[in-house]
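This is what each chain is made of:
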Amino acid sequence: MSTNPAPTAAQSAVKDQIREFILENLAQPKGITSFADDEALMETGVVDSLGVFRLVSFLEDQLGVRVGDEEINPETLKNLNTIEELVIRKRKK
Amino acid sequence: MAYILQQLLQNSAARYPEKTAVWARGRSITYRELEERSNQLAHLLQERGVRKGDRVGLYFPKCVESVIAMLGVVKAGGVYVPLDPQAPADRIGYIIGNCGIRVLITRTDKRRGLNEATLSSLACSILVDEAPQACNGAGMVPWAMLAEYPAMCAPQVTLTETDLAYILYTSGSTGRPKGVMLSHQNALTFVEWCAAKFKIRSEDRLSNHAPLHFDLSVFDVYNALEAGATLYMITEDLALFPSRLAGFMESQQITVWYSVPSALTLLLLHADLRADKLKQLRIVLFAGEVFPMKYLQQLAERLPHVELYNLYGPTETNVCTYYQVERGRLAGMDKLPIGIACENTEVFAVSDQNEMVTQAGGSGELYVRGPAVTYGYWADPEKTKKMCVPNTFQPNFEEKMYRTGDLVQLAEDGNYYFLGRRDSMIKSRGYRIELGEIESALLSHPAVKEAVAVAIADDIVGSRIRAVVAFHDGVSLAPAELQHYCGTRIPMYMIPEAIDFRPELPKTSTGKVDRAQLAQESQQLAMK
């Protein structure tokens, strides 16, 4: 478990960007208008088999992180929180 | 020789009682357990009033209990109806009402999501999640109750191969899904052909990628049972992650794989699919949509040791033609044939002049006859009459043949090639989608005056969907609101990914909505 201090402005901006992308491109086209930060995106159908790769392309193209095939897994892409963690972890490297 | 599906299990349970029959979500059951649990379920179902021909819904995510439930229902003489666990409650409610399901095998959370009206139409819900404390209401039966019923034999029911085994609902053009009725004979005709053609053996390890309401799963489940092989069910979470999925194929040493082409394309693009890691894999079957040649060529190169087959057929016939990929010819091909008829099935093209196409180069609508063909659609004699027509090509006895609605061409070498559809049905990820069903969903919103759904060709999934909508005067909605509304009526894979708004839809000279123009404009918008 991470015991991060209060998120910096840059960090929460990342989360907002991811949330906005998922909402506009993946959730709304499936009739889903909102989701919580810890909501399991695969279980509710927000992210489907193609959505996974649209999301990964977004992380790579817009947020500038490289995501390996092995990192495309149900743990790292579970919910908004875990996706944000992935981006932050990758940027630190 | 089996003439009803449960005999496949009975035979294998006698031969391989301690062998693993089904594996899912880290749990497995042996053939003996599967035989016993399904016997117990059949007794329970009968006690709860299920009689020969009664429909029983299966409404929960894939797990070991799915196969117990399928077999338990047919052993009770019933007809099982697999329901998409991700479909909206409204659609599930429609299906439950349409085929008169009174007993539902489900999970507590799934049951909770159903509408009041649907719940009150049910006499009994059997809950597969273990917690019996959840079953406090009347008509709620915990799965653990099975233990109280006889395990050694199934109840006495007289069935013949012509009795119904299951109903699969597919998209309907008039806005509601339609139930394709399949008999034991329909299923076994296909299963027995596959068993002989692909030489499925007891050592085989079959994957089950398709959802159970999708007819590809019929092969996985029943050909595993037929051979005494092991079925490895791929759950939704695993199916989404190609790298994990490839790891699963490797660690479970899958020998026979069957899925839609798009699942294979994603594995190719995002997983380390290597022959040395998948040594056990011997057969890959694909069906449900057109496999883009460039990806098929890559697959053939990456897995040189695997036999590849393109299977073709609508739910109404299961598979009716097949083509074995010839690696030597692949480079020069720009299109993959759907091939030739399976055994015990006849297919032929019928021209617009209503003549059978016999010359190479000729084209027409593909018709299918034989014991694999459905009786028709549940409680829809009109639709049945339209699609299952009298065979006028032979005068000696009454017989039906199925019109697929697919246009095909007969080639020199005897293979058929798929050309396109006669109507507005499309395929996306192998799912059959009637654009009319999407349009009905849009039009059912009070603000919507006109609506057209358009398919956009896509390399990986086959088609993506957009819509163009005009509102009544003085009202408007955001695309997200309308998409949300659609989500209460149609499954997610049918909801348009983008909705464009117009004051009015363009018309042709005859006053009809100009679909061709809208399709072209939408295609351009989608490219942006």
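Residues numbered from 1 in each chain as written. Chains lettered and ligands numbered in written order. Predicted model: local features only at pLDDT ≥ 70, side-chain atom pairs only at ≥ 80, totals over all residues.

(A) Structural view of the overall build of chain B. Secondary structure assignment for chain B yields 17 helices and 27 strands. With respect to the three principal axes, the spread of C-alpha positions in chain B is 70 × 60 × 55 Å. Counting every position in chain B, which comprises 528 residues, the buried fraction comes to 49%. Residue pairs in contact within chain B that sit at least 24 positions apart in sequence constitute 65% of those at least 6 positions apart. (Helix = DSSP H or I, 4+ residues; strand = E, 2+ residues; numbered from the N terminus. Buried ≥ 20, exposed ≤ 12 C-beta atoms within 10 Å, placed from the backbone. Contact = placed C-beta atoms within 7 Å.)

(B) Layout of the overall build of chain A. On a plain count of helices and strands, chain A comes out with three helices and zero strands. The order of helices and strands in chain A, counted from the N terminus, is α-α-α. Look at the contacts in chain A between residues 6 or more apart in sequence, and 56% of them connect residues 24 or more apart.

(C) Region of interest: the domain arrangement of chain B. Residues and elements named next belong to chain B. Domain annotation for chain B reports domain 1 (6–239) and domain 2 (425–527). A C-alpha centroid distance of 34 Å is found between domain 1 and domain 2. Each partner contributes to the interface: domain 1 provides twelve residues, whereas domain 2 provides 13 residues. Of the residues assigned to the side of domain 1 that touches domain 2, the class counts are two nonpolar, seven polar and three charged. (Domains from an automatic or database assignment. Nonpolar A, V, L, I, M, F, W, Y, C, P; charged D, E, K, R; others polar.)

(D) Geometry of the pairing of strand E15 (residues 321–324) of chain B. As defined by bridge partners, strand E14 (residues 307–312) of chain B adjoins E15 of chain B across four bridges and the pair is classed as antiparallel. Along E15 of chain B, the bridge assignment pairs Leu 311 of chain B with Tyr 322 of chain B. (Pairing = 2+ DSSP bridges.)

(E) Quick peek at the sheet that holds strand E25 (residues 448–458) of chain B. Residue and element names in this part refer to chain B. Reading across from one edge, E25-E26-E27 is the order of the three strands in this open sheet, with mixed pairing throughout. Unpaired on one side and paired on the other, E25 and strand E27 (498–502) mark the two borders of the sheet. Adjacent strand axes in the sheet meet at a mean angle of 25 degrees, parallel and antiparallel pairs treated alike. Note: strand E26 (residues 462–471) against E27, five bridges, orientation parallel. Residue pairing for E27: Val 469 is matched across the bridge by Phe 501. Packing of helix H15 (residues 435–443) onto the sheet brings it into contact with E25 and E26, and relative to E25 it is tilted by some 145 degrees. (Axes fitted to C-alpha atoms, helices over the stretch in contact; angles between N-to-C directions.)

(F) Fine view of the confidence of the model for chain A. The predicted model of chain A averages 86 in pLDDT, with 88% of residues at 70 or higher. Here helix H1 (residues 9–27) of chain A stands out as the least confident element of chain A, with mean pLDDT 87; helix H3 (residues 80–92) of chain A is the most confident, with 93. (pLDDT = per-residue confidence, 0-100.)

(G) The arrangement of the interface of chain A and chain B in detail. The interface of chain A with chain B comprises 17 residues on the first partner and 20 residues on the second. The residue makeup of the side of chain A that touches chain B, split by class, is eight nonpolar, six polar and three charged.

(H) Region of interest: the pairing of strand E11 (residues 230–233) of chain B. Residues and elements named next belong to chain B. Going residue by residue along E11, you find Thr 230 and Tyr 232 tucked away on one face and Leu 231 and Met 233 tucked away on the opposite face as well. Both strand E1 (residues 20–24) and E11 contribute to a ladder of two bridges, which runs parallel. Following the sheet pairing, Trp 23 is matched in E11 by Tyr 232. The pairing of strand E10 (residues 205–208) with E11 spans four bridges and is classified as parallel. Paired with Ser 207 across the strands is Tyr 232, a residue of E11. Where the polypeptide runs from E10 across helix H8 (residues 216–227) and back to E11, its parallel neighbour, the crossover connection is right-handed. (Right-handed = clockwise from strand over helix to strand, strands pointing away.)

(I) Structural view of the packing of helix H11 (residues 261–270) of chain B against helix H12 (residues 293–302) of chain B. Residues and elements named next belong to chain B. Direction vectors running N to C along H11 and H12 enclose 65 degrees, while the axes themselves pass 10 Å from each other. Pair H11 / H12 crosses with left-handed handedness. For the pair formed by H11 and H12, the contact residues are Leu 264, Thr 265 and Leu 268 on the first element and Tyr 295, Gln 298, Leu 299 and Arg 302 on the second. The class makeup of the residues in the contact of H11 with H12 is four nonpolar, two polar and one charged. (Left-handed = near helix turned anticlockwise from the far one by under 90°.)

(J) Structural detail: H15 of chain B. Among all positions in H15 of chain B, only Leu 435, Glu 437, Ile 438, Glu 439, Ala 441 and Leu 442 of chain B are buried. Looking at the buried residues of H15 of chain B, the elements they touch are strand E23 (425–428), strand E24 (431–434), E25, E26 and helix H16 (479–487) of chain B.

(K) Seen up close, the environment of Gln 252 of chain B. Residue and element names in this part refer to chain B. Along the chain, Gln 252 turns up in the loop between helix H10 (242–251) and strand E12 (256–259). In sequence terms Gln 252 and Arg 205 are 47 residues apart; their C-alpha atoms lie 7.8 Å from each other. Excluding residues within four positions of it along the chain, Gln 252 makes contact with Arg 205 and Tyr 232.

(L) Quick peek at the packing of helix H2 (residues 31–47) of chain B against helix H3 (residues 64–75) of chain B. All names here are of chain B. At a closest axis distance of 7 Å, the pairing of H2 and H3 adopts a crossing angle of 50 degrees. Taken together, the axes of H2 and H3 are oblique relative to one another. Handedness of the crossing formed by H2 with H3: right-handed. Facing H2, whose interface residues are Leu 34, Arg 37, Ser 38, Asn 39, Leu 41, Ala 42 and Leu 45, H3 presents Val 67, Ile 68, Ala 69, Leu 71, Gly 72, Val 73 and Lys 75. A per-class count over the contact of H2 with H3 returns nine nonpolar, three polar and two charged. (Parallel < 35°, antiparallel > 145°, perpendicular 65-115°, else oblique.)

(M) View of H16 of chain B. Those residues of H16 of chain B not exposed but buried are Leu 482, Gln 483, Tyr 485, Cys 486 and Gly 487 of chain B. On its buried face, H16 of chain B sits against H15, E26 and E27 of chain B.

(N) Looking closely at the environment of Pro 479 of chain B. Residues and elements named next belong to chain B. With respect to the element layout, Pro 479 can be found in helix H16. By the C-beta count within 10 Å, which is 18 here, Pro 479 ends up partly exposed. When the C-alpha atoms of Pro 479 and Thr 374 are compared, they prove to be 39 Å apart, with 105 residues separating the residues in sequence. Not counting residues up to four positions away in its chain, the partners in contact with Pro 479 are Ala 498 and Ile 499.

(O) Just unusual backbone geometry, in detail. One non-glycine residue, Asn 344 of chain B, lies in the positive phi region at around 65 degrees. For Asn 344 of chain B, a count of 12 C-beta atoms within 10 Å translates into the label exposed.

(P) Seen up close, the confidence of the model for chain B. For chain B, mean pLDDT is 94; residues scoring 70 or higher make up 99% of the total. Overall fold confidence for the complex sits at a pTM of 0.91, while the interface term, ipTM, reaches 0.81.

(Q) Molecular detail of the environment of Val 22 of chain B. All names here are of chain B. Residue placement: Val 22 occurs in strand E1. Residue Val 22 is classed as buried on the basis of its 25 C-beta neighbours within 10 Å. In contact with Val 22, not counting residues within four places along its chain, are Ser 28, Ile 29, Leu 34, Val 64, Val 67, Leu 231 and Met 233.

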